[in-house]
Amino acid sequence: MSFMSAHVLDSVHGCPAQGIDVTLLTGEGQELGTATTNEDGRVTELGPETLESGHYRIIFATEPYFAGRELETFYPFVSVDFSVRQEQGHYHVPLLLSPFAYSTYRGS
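Conventions and cut-offs
Throughout this description, residue numbers start from 1 for each chain and increase along the sequence as written. The predicted origin of the model limits local features to residues at a pLDDT of at least 70 and limits the giving and counting of side-chain atom pairs to 80 or more, whereas totals for whole chains, interfaces and linings rest on all residues. Side-chain metrics rest on all non-hydrogen atoms present in the structure, leaving aside hydrogens and water. UniProt positions are given in the numbering used here, feature names are shortened, and annotations may be inferred rather than shown by experiment. Secondary structure counts use DSSP, requiring at least four H or I residues in a row for a helix and at least two E residues in a row for a strand, with both numbered from the N terminus. Only protein chains enter the accessibility calculation, which uses a 1.4 Å probe; a residue whose area is less than 20% of its type maximum is buried, one above 50% is exposed, and one in between is partly exposed. The contact criterion used is simple: two residues touch if any of their non-hydrogen atoms lie within 4.5 Å. Areas reported here follow the Shrake-Rupley algorithm with a probe of radius 1.4 Å; residue values treat only the protein chains shown as occluding. Positive: Lys, Arg. Negative: Asp, Glu. His and the chain ends are not part of the count. Charge placement uses NZ in Lys and CZ in Arg. For Asp and Glu, CG and CD serve respectively. The term nonpolar core refers to a set of buried residues drawn from Ala, Val, Leu, Ile, Met, Phe, Trp, Tyr and Cys, joined through side-chain atoms within 4.5 Å. A pair of strands is treated as paired once DSSP finds two or more bridges between them. The aromatic pairing rule takes the rings of Phe, Tyr and Trp, using the six-membered ring of Trp, and pairs them if the centres are within 6.5 Å, calling planes under 30 degrees apart stacked, those over 60 edge-to-face and the rest tilted. The term salt bridge refers to a side-chain nitrogen of Lys or Arg lying within 4 Å of a carboxyl oxygen of Asp or Glu. Between N-to-C directions, angles cover 0 to 180 degrees, with each direction set by a line fitted to C-alpha atoms, over the stretch in contact for helices.

An unreviewed UniProt entry lists the protein under the name 5-hydroxyisourate hydrolase, with Kocuria gwangalliensis as the source organism. Database annotation for the protein, UniProt heading Function (unreviewed entry): "Catalyzes the hydrolysis of 5-hydroxyisourate (HIU) to 2-oxo-4-hydroxy-4-carboxy-5-ureidoimidazoline (OHCU)."

Structure (C-alpha cells):
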C-alpha cells in the first residue's frame, strides 16, 4: 500500500473529479509518483510504500479537467506543500475544487 493517497471533489457539480493527473514530489522537486483520479475522484496509490520524514508537494493538474467541461479556471494546477512524519503512517490529501477556489486538508 502506498504511503500517500488523494481525493478530488468537484464542488461546482457536486461530484467526484475523475481524470485529474496527480503528481507527488519531494520538497526538492524529485518526482516520486503519478496517478490519475478514478471514477470516485480518488488516487489510492501515489508513490512509494514509505516516505522519509520531510517536506513534499502534491500537484493536481486541474486545467485539463475544467477545459474538458468547457469551463475557464483561474488555477491551471493546484500545488500543496506539506510535511510528513514517517512514524505517522498513511497520508491522505483531499482537494475540494471549483474553477475559482479550492480547499484542502489532511484527511484520514
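So, next bit.
Asks: Can you explain the overall build of the protein? Please cite residues and give values.
Replies: A tally of helices and strands in the protein yields one helix and nine strands. Here the protein holds 108 residues, and the buried ones make up 38% of them. Long-range pairs, those at least 24 residues apart, make up 59% of the contacts in the protein between residues at least 6 apart in sequence. For the protein, the exposed area adds up to about 6000 Å²; of that, 49% sits on carbon and sulfur atoms. Of the side-chain charges in the protein, 5 are positive and 14 negative, and the distance between the mean point of each set is 8 Å.

Asks: Account for the nonpolar core, with residues named and values stated.
Replies: Within the largest apolar cluster, 24 residues are counted, with the highest numbers of intra-cluster contacts made by Met4, Ile20, Ile58 and Phe60. For this core, the secondary structure elements donating two or more residues are β1 (4-10), β3 (21-26), β6 (54-61), α1 (63-67), β7 (78-84) and β8 (91-98). Once residues within four sequence positions are removed from consideration, Ile20 is found in contact with Val8, Ala35, Thr36, Thr37, Phe60, Ala61, Tyr65 and Leu97.

Asks: Could you give an account of the pairing of β8, naming the residues involved and the relevant values?
Replies: Buried residues dominate β8, accounting for seven of its eight residues. Bridge count for β1 against β8 is seven bridges, and the pairing is parallel. Paired with Leu9 across the two strands is Leu96, which belongs to β8. Taking the residues between adjacent antiparallel strands as the criterion, β8 and strand β9 (residues 101-104) are bridged by two residues.

Asks: Can you lay out the packing of aromatic side chains for me, pointing to particular residues and giving the numbers?
Replies: Across all of its chains, the model carries five aromatic pairs by this definition. Members of the aromatic cluster, joined through ring pairs, are Phe74, Tyr75 and Tyr102.

Asks: Residues and numbers for the pattern of salt bridges, please.
Replies: Applying the stated criterion to the full structure yields two salt bridges. The partner of Glu87 in a salt bridge is Arg85, and the shortest N-O contact between them spans 3.0 Å. Judged by its relative accessible area of 58%, Glu87 falls in the exposed class.

Asks: Please provide a residue-by-residue account of the environment of Glu28, values included.
Replies: Here Glu28 is to be found in the loop between β3 and β4 (31-36). Taking the relative accessible area as the measure of exposure, Glu28 reaches 73% and is therefore exposed.

Asks: I'd like to hear about unusual backbone geometry, residue by residue, with values.
Replies: The bulk of non-glycine residues show a negative phi, and the bulk of peptide bonds are trans. You will see that Glu70, though not glycine, has its phi angle at about 55°, which is positive. With respect to the secondary-structure elements, Glu70 resides in the loop between α1 and β7.

Asks: Explain the sheet that holds β7 to me, using residue names and the numbers behind them.
Replies: Here four strands make up an open sheet; going across it, the order is β4-β3-β6-β7 and the pairing antiparallel. A strand with exactly one partner marks an edge of an open sheet, and here the two such strands are β4 and β7. Between one strand axis and the next, the sheet turns through 20° on average, direction left out of account. With five bridges connecting them, β3 and β4 associate as antiparallel partners. Within β4, the position partnered with Asp21 by the bridge is Thr36.

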